[in-house]
Amino acid sequence: MTNSATAQRVSVIGLGAMGTALAQALLAGGHQVTVWNRTAARAEALVAEGAVLAATSAEAMAAADLVILCVLDDPAVREHIEPAAAQLRGRTVVNLTTTTPEQARSLGAWALANEVDLIDGGIMAVPSMIGGPAAFVLYSGATAAFDRFRAVLELFGRAEFVGADFGAAAMYDLAILGGMYSMFAGFQQGGKMVRTTGGTAAHLATLMAPFLQAMTTMFAQYAPGIDDPDNYVPEQSAEFTASALGTIDKAAAESGTHTELFGVLLRALPGI
Ligand code: FVH
């Protein structure tokens, strides 16, 4: 619980599953929380917990030093933020809506032109994880504003600042999600393959999960091949990787479950 000396005035715009979890974390942290949602009924539980409901998004923005946006997408952000430039001047806005890096940079340019301190964020958690030990949130943009509000933002999960480029947090966010979906694609393909032997995807899950978890330690080893390719000596030759993927691709074809997945991986993974 934050004591009243450090309590901040924070507004949360957007009370979907995630915005509600963020507002609850702020209330639990002892902050003065104003909320607004397009469908006002979704604010009822938060108001019962101590939040103040604003009549409009602009009113919510004017009520706080720190404004947090968590709506569906970039157009929804722009719809509410652009007409409120006057209310936001001199304030800090943290946009936790998922956007592309270019959308974040465009919003950053708008913020600079309107004297708003913008921090863009990417939440690496589902709503039930907010405030828990496994949650972390990526931030980029206005560095001094991030330092000022860091203690508030830590209520959502570990706060990880990844650079002054407004698009950096979105890029890291989408890079991590890209890795996650690549892994899920591998599991989907693998599940279909083992079923042709009488096995089950459920059994595969118990074997693949700990193996992949152990393999993540290899990221740090492969990183220099991306960060400094001229001086990188691969652990495995390109031929080894090509041979392994070729064998897996052949097994997929033999099992009648062939997809394009391993051909794509072969093109994406040179010598690692
Ligand atoms: N939920 C999650 O696990 C992920 C974790 C990673 C980050 N995402 C992003 O967070 C943004 C919000 O996600 P959400 O889970 O809260 O989404 P919903 O529950 O569907 O709520 C959407 C809210 O957006 C409001 N909204 C939509 N369009 C508009 C608009 N034009 N103007 C104002 N508000 C709008 C919607 O309002 P309503 O339908 O209740 O009236 C909800 O408050 C999102 O970017 C995720 O990618 C969450």
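Just so you know, these numbers come straight off a predicted model, no measurement behind them.

Engineer: Help me understand the UniProt feature "domain: 6-phosphogluconate dehydrogenase NADP-binding" (unreviewed entry) in the chain in this model?
Structural biologist: As annotated by UniProt and renumbered to match this structure, "domain: 6-phosphogluconate dehydrogenase NADP-binding" (unreviewed entry) occupies residues 10-159. Along residues 10-159, the helical share is 39% and the strand share 23%, with 17 Å between the first and last C-alpha atoms.

Engineer: Could you clarify how one ought to interpret the site of the ligand in this entry?
Structural biologist: Lining the immediate surroundings of the ligand are 23 residues, of which N37, T39, R42, H80 and T98 lie closest. Between the ligand and the protein, one listed contact pairs an oxygen atom with a backbone N or O atom of L72 at 3.0 Å. Elements represented by at least two residues in the shell around the ligand include exactly helix 1 (17-28) and helix 4 (74-81). Residue composition of the shell around the ligand, by class: 12 nonpolar, 8 polar and 3 charged.

Engineer: Explain the pattern of salt bridges to me, please; I cannot follow it from the model alone.
Structural biologist: Opposite charge on two side chains lets them pair, provided their charged atoms get close. In the structure shown here, the tally under the stated rule is 6 salt bridges. Across the salt bridge formed by E82 and R78, the nearest N and O atoms sit 2.7 Å from each other. Using a relative accessible area of 36% as the deciding quantity, one classes E82 as partly exposed. R78 sits in the buried class, given a relative accessible area of 18%.

Engineer: Even after reading the chapter, I still don't get the pairing of strand 6 (residues 117-124), so can you show me in this structure?
Structural biologist: Regular strands show a simple pattern: their side chains alternate between the two faces of the sheet. Judged by how many residues are buried, strand 6 sits mostly within the fold: 7 of 8 residues are covered. Chirality of the crossover, the property in question, places the unit of strand 5 (residues 92-95), helix 6 (residues 101-113) and strand 6 among those that are right-handed. Sheet topology note: the strand 6/strand 7 (residues 136-141) ladder contains 6 bridges and is antiparallel. Looking at the pairing, M124 lines up with F136 of strand 7.

Definitions and limits used
Residues numbered from 1 in each chain as written. Predicted model: local features only at pLDDT ≥ 70, side-chain atom pairs only at ≥ 80, totals over all residues. Heavy atoms only, no water. UniProt positions renumbered as here; feature names shortened; annotations may be inferred. Helix = DSSP H or I, 4+ residues; strand = E, 2+ residues; numbered from the N terminus. Near = heavy atom within 4 Å. Polar contact = N/O pair within 3.5 Å; in protein donor to acceptor, adjacent residues only side chain to side chain. Nonpolar A, V, L, I, M, F, W, Y, C, P; charged D, E, K, R; others polar. Salt bridge = Lys/Arg side-chain N within 4 Å of Asp/Glu carboxyl O. Buried < 20%, exposed > 50% of the residue type's maximum accessible area, 1.4 Å probe, protein only. Right-handed = clockwise from strand over helix to strand, strands pointing away. Pairing = 2+ DSSP bridges.

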